[in-house]
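# Commentary on secondary and tertiary structure
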Amino acid sequence: MPIKFSSLKISRSGLKLFQDCPRCFWLDVHHKIKRPPSFPYTLSSAVDFLVKQEFDKYRKEGTLPPVLARHLAGDAKLYNGPELPIWRENFKGVQYFDEDLNAMLYGAVDDVLQLADGSLAVVDYKSSGSREIKIYDDYQKQMDIYTYLLDRNGFKTHTEAYFVFYQVDKTGGGFQNALPFIESLKAVRADKSWVANVFEQAVMVARQDTPPEVILPCPHCIYFQQASKLAGLSGQTTPSVELVDE
């Protein structure tokens, strides 16, 4: 009789952790041992909140925000389907449950465009104080995963996804109780082809009784290894079934 595994739930950031280090991912799932958190990006969160409010005003009017209209006028509109509030909600987001794996992958989007042909494109807001806008590998994978999730929910997806960047303008000569931003749009090609395979690999590792070997030097799980030896821990406990760190 085949073994029946408990249902598993992995967030988009959980899948990123698996790609960064399968052992750290396993430690998180089995022991709730998380990597040290980075400093909270409260300013970025505030910008996201305000941009959502602004874009929702345009959505209600049935028009595109200027930053999108300059590039996509007549070809797109802000998606206004009933699913959008859930898709944007942390710990819910766009969800796909794979019955064969008995596992769910999910992630919360900032926004979604609907193109003239009915296809959907993910929109993500990014704020930056850097002199030059850069699309990091993690940004690209983020868009790939969101596009995959929309596709698995039965939606036709666009070949591109869009970043709306808010770059701090430092040319004003002072703060003056206002922080000016330069708005820009960057398109990337959305590649969802790799996501299913990596998702399956992550599920298999999450259900292992023993941690995977360290392939590349990872300071986080190497530290845990050394600390476990000192504490006399075996690293063998009953696994948890949920990784929800989105």
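Residues numbered from 1 in each chain as written. Predicted model: local features only at pLDDT ≥ 70, side-chain atom pairs only at ≥ 80, totals over all residues. Heavy atoms only, no water.

The next subject is helix α3 (residues 42–61). Here α3 spans 29 Å end to end across 20 residues, near enough to the 28 Å set by a 1.5 Å rise per residue. All buried positions along α3 are accounted for by V47, D48, V51, F55 and R59. Projected onto a plane normal to the axis of α3, the buried residues spread over an arc of 110 degrees and lie on a single side. Within α3, the exposed residues directed more than 90 degrees away from the buried face are T42, L43, F49, L50, K57, K60 and E61. (Helix = DSSP H or I, 4+ residues; strand = E, 2+ residues; numbered from the N terminus. Expected span 1.5 Å × (residues − 1). Buried < 20%, exposed > 50% of the residue type's maximum accessible area, 1.4 Å probe, protein only. Arc of directions from axis to C-beta.)

Let us look at the pattern of salt bridges. Following the criterion strictly, the structure yields 13 salt bridges and no others. Between R12 and D138 there is a salt bridge, and its shortest N-O distance comes to 3.7 Å. Taken together, the residues span a long stretch of sequence, with R12 in helix α1 (residues 12–20) and D138 in helix α6 (residues 137–152) at a distance of 126 residues. The exposure class assigned to R12 is buried, which follows from its relative accessible area of 12%. Classification of D138 as partly exposed rests on a relative accessible area of 26%. For K52, the salt bridge is made with D110, and the minimal N-O distance between the two is 3.2 Å. Separated by 58 residues along the polypeptide, K52 in helix α3 and D110 in the loop between β4 (103–107) and β5 (111–115) bring together distant segments of the chain. By relative accessible area, D110 is classed as buried at 9%. In this structure, a network of salt bridges that share partners links the residues D56, R59, R88 and D111. (Salt bridge = Lys/Arg side-chain N within 4 Å of Asp/Glu carboxyl O.)

In this model, the protein chain carries a mean pLDDT of 88, and residues with pLDDT of at least 70 account for 91%. Contacts from residues 233–246, a stretch scored under 50 in pLDDT, to residues over four places away or in other chains number 46 contacts. (pLDDT = per-residue confidence, 0-100. Contact = heavy atoms within 4.5 Å.)

A word on the pairing of strand β6 (residues 120–128). Taken across its 9 residues, β6 has 8 buried, putting it largely inside the fold. In terms of strand pairing, β5 meets β6 through 4 bridges, oriented antiparallel. Bridge pairing in β6 links L113 to A121. Here β5 folds back onto β6 in antiparallel fashion, the turn holding 4 residues, of which G118 has a positive phi close to 90 degrees. The pairing of β6 with strand β7 (residues 160–168) spans 6 bridges and is parallel. Residue pairing across strands places S128 opposite Q167, the latter belonging to β7. A crossover connection joins β6 to the parallel β7 through α6; in handedness this β-α-β unit is right-handed. (Pairing = 2+ DSSP bridges. Right-handed = clockwise from strand over helix to strand, strands pointing away.)

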